[in-house]
Amino acid sequence: MKDVAIIGAGPAGLSAALYAARAGLSVQVFDAMGGGGQLTEIAEVENYIGVGRVTGQGLAASCLAEARTAGAEIVTKNVKRVEKNGLFFSLLCDKERYEARTVILANGARPRRLGVNGEQALLGRGVSYCALCDGRFFGGKSVAVVGGGNGAFAEALYLSRIAATVHIVHRSKQFRGERSVLARLEAMPNVVFHTNRTVGAIRGDERVETLILKDTDTGKTEALRVEGVFIAIGREPQNAPFATLFPLDEQGYVITDERCACATDGLFAAGDTRVKVLRQISTAVADGANAAESARRYLERRAFVPLGKK
Ligand code: NAP
């Protein structure tokens, strides 16, 4: 039994782990990927105040090290379900079952799928959701990035230093991403914009060969020859397995109050997984601190004696 079990070791989960462990609580953080979350997929972080321009992987490693030093234990397992047994919670992994007095859900969100023909079949064979992970396979080649937000911009910037040509395909003329980054991309000779275009299909026998684009004004289709396509059209939560305990909104995000508390006593949610306006590293980290403090107060109100870090 632990005082706090945290599901997800991204910035929200690790911030919660740091605060909870420093408050003298015993903490286990579950993450099948070992930790870092979305940070591990970001080449450069430029808007997290106080650290300047850092690599996502460097920031992830620092967050993990700090949470561990404070006393949090990282468990590299996937939590499949959470059950409530009286006052306590069980976390069910593949075979093992773990017990905790409180649970903080910080499982983030996964890349949204386009849902077109070829996307699944050519995954890992030219289709990717992470330029930092897969961009190196496209040196000197022609690639496309689908999307018009900061995520797509970050992918395109990273790829523009590796690929021969980066085609940005966006379904409208308006971009959600920051203007300053858009200006940088527009100034790059190897970045080509295709606005008002949707992707109808991704084609190729063994690997990606062409994207079928549709002009949203005229309805005309065209084939764009690329060897890779990076899909960056936002993220969506993966909360269905937790829906019985964590109330969700219609989009699947966890509904919490200002303190990151859910309707079920002892359960909290932090970071991208919960209903909120702005999903950034800074807001995830703030949520983690809030959720950990709310969990601590919850345990105090019930006069639970902290179980200690061992
Ligand atoms: P986002 O800001 O929600 O942008 C998603 C983009 O994908 C939008 O341009 C949207 O088009 C498009 N899109 C959505 N569904 C689509 C579909 N089915 N087909 C075609 N296009 C579709 O998501 P994000 O760029 O991942 O950013 C999420 C948050 O993280 C934001 O707050 C962002 O500032 C922050 N952020 C992310 C990164 C990163 O690396 N992921 C970096 C910096 C900041 P419409 O505009 O037409 O709706």
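Residues numbered from 1 in each chain as written. Predicted model: local features only at pLDDT ≥ 70, side-chain atom pairs only at ≥ 80, totals over all residues. Heavy atoms only, no water.

Student: Could you clarify how one ought to interpret the overall build of the chain in this entry?
Tutor: Summing up its helical and strand segments, the chain has 6 helices and 19 strands in all. Against the globule reference of 19 Å for 310 residues, the chain gives a C-alpha radius of gyration of 21 Å, in line with a compact fold. Split into buried and exposed, the 310 residues of the chain put 49% on the buried side. When the accessible surface of the chain is summed, it comes to about 15000 Å², and 50% of that surface belongs to carbon and sulfur atoms. Here the chain carries 40 positive and 33 negative side-chain charges, and the mean point of each set is 2 Å from the other. (Helix = DSSP H or I, 4+ residues; strand = E, 2+ residues; numbered from the N terminus. Rg over C-alpha atoms; globule rule 2.2 N^0.38 Å. Buried < 20%, exposed > 50% of the residue type's maximum accessible area, 1.4 Å probe, protein only. Areas by Shrake-Rupley, 256 points an atom, 1.4 Å probe, with all protein chains shown as cover. Lys, Arg positive; Asp, Glu negative; His and termini not counted. Charge placed at Lys NZ, Arg CZ, Asp CG, Glu CD.)

Student: I'm lost on the packing of aromatic side chains in this one. Help?
Tutor: One pair of aromatic rings is described through two measures. These are the centre distance and the angle between the planes. Counted according to the given criterion, the structure contains 7 aromatic pairs. With 5.8 Å between their ring centres and 75° between their planes, Phe175 and Phe193 make a pair best called edge-to-face. Here Phe193 lies in strand 13 (residues 191-194) and Phe175 lies in the loop between strand 12 (165-169) and helix 5 (179-186), a separation of 18 residues in the sequence. The exposure class of Phe193 is partly exposed, given its relative accessible area of 26%. Aromatic ring contacts, followed pair by pair, group Phe153, Phe175 and Phe193 into a single cluster. One Lys or Arg, Arg113, reaches over the ring of Tyr129 and ends 4.4 Å from the middle of that ring. (Phe/Tyr/Trp six-rings, centres within 6.5 Å; stacked < 30°, edge-to-face > 60°. Lys NZ or Arg CZ within 6 Å of the ring centre and 35° of its normal.)

Student: What am I meant to see in the pairing of strand 12 here?
Tutor: For a regular strand, side-chain orientation follows a simple rule: the groups alternate between the two sheet faces. The buried fraction of strand 12 is high, at 4 of 5 residues. Pairing of strand 11 (residues 142-146) with strand 12, which is carried by 5 bridges, proceeds in the parallel orientation. Looking at the pairing, Ser142 lines up with Thr165 of strand 12. The β-α-β motif built from strand 11, the intervening helix 4 (residues 150-160) and the parallel element strand 12 has right-handed crossover chirality. Regarding the hand of the β-α-β motif, the stretch spanning strand 12, helix 5 and strand 13 is right-handed. (Pairing = 2+ DSSP bridges. Right-handed = clockwise from strand over helix to strand, strands pointing away.)

Student: I'm lost on helix 4 in this one. Help?
Tutor: Each α-helix winds once per 3.6 residues, and so residues spaced three or four apart point in a common direction. Where burial is concerned, most of helix 4 is hidden: 8 out of the 11 residues are buried. Those residues of helix 4 not exposed but buried are Ala152, Phe153, Glu155, Ala156, Leu157, Tyr158, Leu159 and Ser160. For helix 4, the elements touching its buried residues are helix 3 (131-134), strand 11, strand 12, helix 5, strand 13 and strand 17 (228-231). (Contact = heavy atoms within 4.5 Å.)

Student: Where do I start with the side chain of Asn190 in this structure?
Tutor: With respect to the helices and strands, the residue Asn190 is situated in the loop between helix 5 and strand 13. At 3.5 Å, the side chain of Asn190 and the backbone oxygen of Ala164 are in polar contact. Residues within four places of Asn190 in sequence aside, it is in contact with Ser160, Ala163, Ala164, Thr165 and Val166. (Polar contact = N/O pair within 3.5 Å; in protein donor to acceptor, adjacent residues only side chain to side chain.)

Student: Could you clarify how one ought to interpret the state of the cysteines in this entry?
Tutor: Summed over the entire model, instances satisfying the criterion amount to 1 disulfide. Residue pairing for Cys130: its cysteine sulfur links by disulfide to Cys133, the two sulfurs lying 2.0 Å apart. Taking the sign of the torsion about the S-S bond as the criterion, the disulfide between Cys130 and Cys133, at about 75°, is right-handed. Cys93 takes part in no disulfide bond, and the closest cysteine sulfur, belonging to Cys262, lies 19 Å away. Using a relative accessible area of 7% as the deciding quantity, one classes Cys93 as buried. Of all cysteine sulfurs in the structure, the one in Cys262 sits closest to Cys260, which takes part in no disulfide; the separation is 8.7 Å. (Disulfide = S-S within 2.5 Å.)

Student: Quick question: what am I supposed to make of the nonpolar core here?
Tutor: Inside soluble globular proteins, nonpolar side chains tend to come together where they are buried. One finds Val4, Ile6, Ala17, Val27, Val29, Ile104 and Phe268 to be the most contacted residues of the largest nonpolar core, which totals 30 residues. Only strand 1 (2-7), helix 1 (11-22), strand 2 (27-30), helix 2 (56-70) and helix 6 (281-301) provide two or more residues apiece to this core. When near neighbours in sequence (up to four residues on either side) are disregarded, Val29 contacts Ile6, Gly8, Ala9, Ala17, Ala72, Glu73, Ile74 and Val75. Core analysis: the second largest hydrophobic core is formed by 20 residues, Ala5, Val79, Val82 and Phe242 among them. (Core = buried A, V, L, I, M, F, W, Y, C linked by side-chain atoms within 4.5 Å.)

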